[in-house]
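In case you want the letters, here they are:
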Amino acid sequence: MSGTDGPTGDAGAASDRPRDMPIVDVVELQQTACALAGSELYGVILEAMADDIRSGGPCADILGPWTANALADAIPLRFLAAAHRIVLDGRAPDLARFYPSAGGAETGDPVPAFLDVVDTHRAEIVAGMHLGVQTNEVGRAASLVGAFHVAATRSGWPLRTLEVGASGGLLLRWDKYRYESGALRWGADEGLTFTDPWTTAPPSLSASVTVAERMGCDINPIDVTTDAGVLALRGFLWPDQLQRRARLDAAIDIARRFPARIEQADAGEWVERQLADEHHGSATVVYHSIVLQYLPRESFLRMRTAIEAAGARATPSAPVFWLRMEPAGDVADVRLRSWPGDTDELLATTGYHGPPVTWLA
């Protein structure tokens, strides 16, 4: 589940979400989001998709059944990802010429080639619409790393990290990546480095941080050790953002060398189970990034209740932290709620894909 590039989200809860917005309006909102996030290619294609919907073309037929909750479920991105996977699989050479992710470099009009793929591969795109958006955006590690250090420094304990909506688990390996800014050097040198991700002075990363346990859950985990899993994650990336692709590929290589446990489970049930017992001698950090908009309200409430109950039982030898990176307008907030004491802080603001990160704490 981890991560979306959609225009929606909720900084506080998975609450009331628009369910019946006209699909053309959702597509136009996604077009704006892509343009703001630097994807000119998808901006052009989404504009054409909106025009095709208005004219009753094949895009309208495919998207018609997906109007309910289309905004929160990032339905336009499911459509684009299904087409992108066909390109990456080598079966759409005309469109591939416009997709840098497939080696393309043409700068003309990609719309005729895109609509031809939609028409030719309609059945496959319809089937692909059932795969929920999972970018497992690796750049968010740079947004979260400072908060993990805050938890470790304040508690003095090794971290027990529990990720909700872990997808392929790439953010479970945040300590296997390297972070550099000026004289600052922290993290493992395993093949993925974030250079100057902060717009302000970076957080203190000098503390000795040990990850004693790393686990995650997802309603539909992606296995990054398989070709199908890799294709799924690559397909969700925007084809003209090659830096994201490079980070993804490096993180997949690291994930294959450093296993982590990911369970297929509902977020509420899983968190409740993981927090049922106290874990003395470690700091438990429940975290998620751009996930709340996907959670059914019942699941979110069950998760929050479990975290708050565990927080109420927390002691200095078994502290609990709730780390959230969730949308707050044009940026995402990085917030850390801590027990014992029940304090909640805004530590940073960040882009939806990670850097740039403005550290505030």
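Residues numbered from 1 in each chain as written. Predicted model: local features only at pLDDT ≥ 70, side-chain atom pairs only at ≥ 80, totals over all residues. Heavy atoms only, no water.

K.L.:
Where do I start with the nonpolar core in this structure?
P.N.:
Considering soluble globular proteins, one finds that nonpolar side chains tend to be buried as a cluster. One finds Leu-159, Leu-170, Trp-174, Tyr-177, Tyr-179 and Leu-323 to be the most contacted residues of the largest nonpolar core, which totals 53 residues. Considering every element that reaches this core, the biggest residue donor is helix H8 (residues 140–155), with nine residues. Counting residues in hydrophobic clusters, the runner-up holds 43 residues, among them Val-24, Ile-45, Tyr-99 and Ile-125. (Core = buried A, V, L, I, M, F, W, Y, C linked by side-chain atoms within 4.5 Å. Buried < 20%, exposed > 50% of the residue type's maximum accessible area, 1.4 Å probe, protein only. Helix = DSSP H or I, 4+ residues; strand = E, 2+ residues; numbered from the N terminus.)

K.L.:
Teacher, can you tell me more about the side chain of Arg-78 here?
P.N.:
Summarising the element assignment, Arg-78 is placed in helix H4 (residues 75–88). For the buried Arg-78, no salt bridge exists, and the shortest N-O distance to an oppositely charged side chain is 4.4 Å, to Asp-73. Within the structure, the side chain of Arg-78 is placed 2.9 Å from the backbone oxygen of Met-129, a separation counted as a polar contact. Residues within four places of Arg-78 in sequence aside, it is in contact with Trp-66, Asp-73, Met-129, His-130, Leu-131, Gly-132 and Val-133. (Lys, Arg positive; Asp, Glu negative; His and termini not counted. Salt bridge = Lys/Arg side-chain N within 4 Å of Asp/Glu carboxyl O. Polar contact = N/O pair within 3.5 Å; in protein donor to acceptor, adjacent residues only side chain to side chain. Contact = heavy atoms within 4.5 Å.)

K.L.:
Which parts of the structure should I look at to understand helix H2 (residues 40–54)?
P.N.:
Given 3.6 residues per helical turn, the α-helix brings residues three or four places apart onto the same face. Along its 15 residues, H2 runs 22 Å from first to last C-alpha, staying within 8% of the 21 Å computed at 1.5 Å per residue. When we look at burial in H2, the residues that qualify are Leu-41, Tyr-42, Gly-43, Ile-45, Leu-46, Ala-48, Met-49, Ala-50, Asp-52 and Ile-53. Check the buried side of H2 and you find it contacts helix H1 (23–36), helix H3 (58–63), H4 and helix H6 (111–120). Positive phi appears at Gly-56, one or two residues downstream of H2, with a value of about 75°. (Expected span 1.5 Å × (residues − 1).)

K.L.:
How do you make sense of the environment of Asp-94 when you look at a structure like this?
P.N.:
Residue placement: Asp-94 occurs in helix H5 (residues 93–96). Separated by 3.1 Å, the side chains of Asp-94 and Arg-97 make a polar contact.

K.L.:
Explain H4 to me, please; I cannot follow it from the model alone.
P.N.:
Taking 1.5 Å as the rise per residue, H4 with 14 residues should run 20 Å; its terminal C-alpha atoms sit 20 Å apart, in good agreement. Of all 14 residues in H4, 13 are buried, a share of seventy percent or more. Backbone geometry just downstream of H4 places Gly-90 in the positive-phi region, at approximately 80°.

K.L.:
Teacher, can you tell me more about the pattern of salt bridges here?
P.N.:
Pairing between side chains becomes possible if they bear opposite charge and their charged atoms approach one another. In total, this model carries 26 salt bridges according to the counting rule given. In this structure, Arg-214 engages Asp-175 in a salt bridge whose closest nitrogen and oxygen atoms are separated by 2.6 Å. One end of the pair, Arg-214, is in strand E5 (residues 211–218); the other, Asp-175, is in the loop between strand E1 (159–164) and strand E2 (178–181), with 39 residues separating them in the sequence. When sorted by exposure, Arg-214 lands in the same class as Asp-175, which is buried. Here the residues in one salt-bridge network are Arg-261, Glu-263, Glu-269 and Arg-273, joined through shared partners.

K.L.:
Just checking my understanding: could you explain the sheet that holds strand E11 (residues 354–359) for this structure?
P.N.:
Pairing between the strands of a sheet comes from backbone hydrogen bonds, and it takes one of two forms, parallel or antiparallel. Strand order across the open sheet formed by eight strands is E6-E5-E1-E7-E8-E9-E10-E11, with mixed pairing between neighbours. In this open sheet, the two strands that pair with only one neighbour each are strand E6 (261–264) and E11. Taken over all neighbouring pairs, the strand axes of this sheet differ in orientation by 25° on average, direction set aside. Where strand E7 (residues 283–289) and strand E8 (residues 320–328) come together, six bridges link them in parallel fashion. Across the sheet, residue Val-285 finds its bridge partner in E8, namely Phe-321. The strands touched by H8 are E1, E7, E8, strand E9 (331–339), strand E10 (343–351) and E11; relative to E11, the strand with the most contacts, the crossing angle is about 40°. (Pairing = 2+ DSSP bridges. Axes fitted to C-alpha atoms, helices over the stretch in contact; angles between N-to-C directions.)

K.L.:
I tried to follow the confidence of the model for the protein chain on my own but got confused; where do I start?
P.N.:
Any region with low pLDDT has predicted coordinates that should not be read closely. When the pLDDT values of the protein chain are averaged, the result is 93; 95% of them are 70 or greater. Residue range residues 7–17 is modelled with pLDDT below 50. Its contacts to residues more than four positions away, or to other chains, number 35 contacts. (pLDDT = per-residue confidence, 0-100.)

K.L.:
Just checking my understanding: could you explain the packing of H1 against H2 for this structure?
P.N.:
Where H1 meets H2, the closest approach of the two axes is 8 Å, and the angle between their N-to-C directions is 170°. One element, H1, and the other, H2, form an angle in the roughly antiparallel class. In contact with Ile-23, Val-24, Val-27, Glu-28, Gln-30, Gln-31 and Cys-34 of H1, H2 contributes Tyr-42, Gly-43, Leu-46, Glu-47, Met-49, Ala-50, Ile-53 and Arg-54. Within the contact of H1 with H2, the residues separate by chemical class into nine nonpolar, three polar and three charged. (Parallel < 35°, antiparallel > 145°, perpendicular 65-115°, else oblique. Nonpolar A, V, L, I, M, F, W, Y, C, P; charged D, E, K, R; others polar.)

K.L.:
Teacher, can you tell me more about the sheet that holds strand E4 (residues 193–195) here?
P.N.:
Read across the sheet, three strands follow the order E3-E2-E4 without closing on themselves; strand pairing throughout is mixed. Edge strands, defined here as strands with exactly one partner in the open sheet, are strand E3 (184–187) and E4. On average, each strand axis in the sheet is tilted by 15° relative to the strand beside it, whichever way the strands run. When E2 meets E3, the two strands line up antiparallel, connected through four bridges. Bridging from a neighbouring strand, Arg-178 pairs with Gly-187 of E3. Each of E2, E3 and E4 touches H8; the most contacted strand, E2, lies at about 90° to it.

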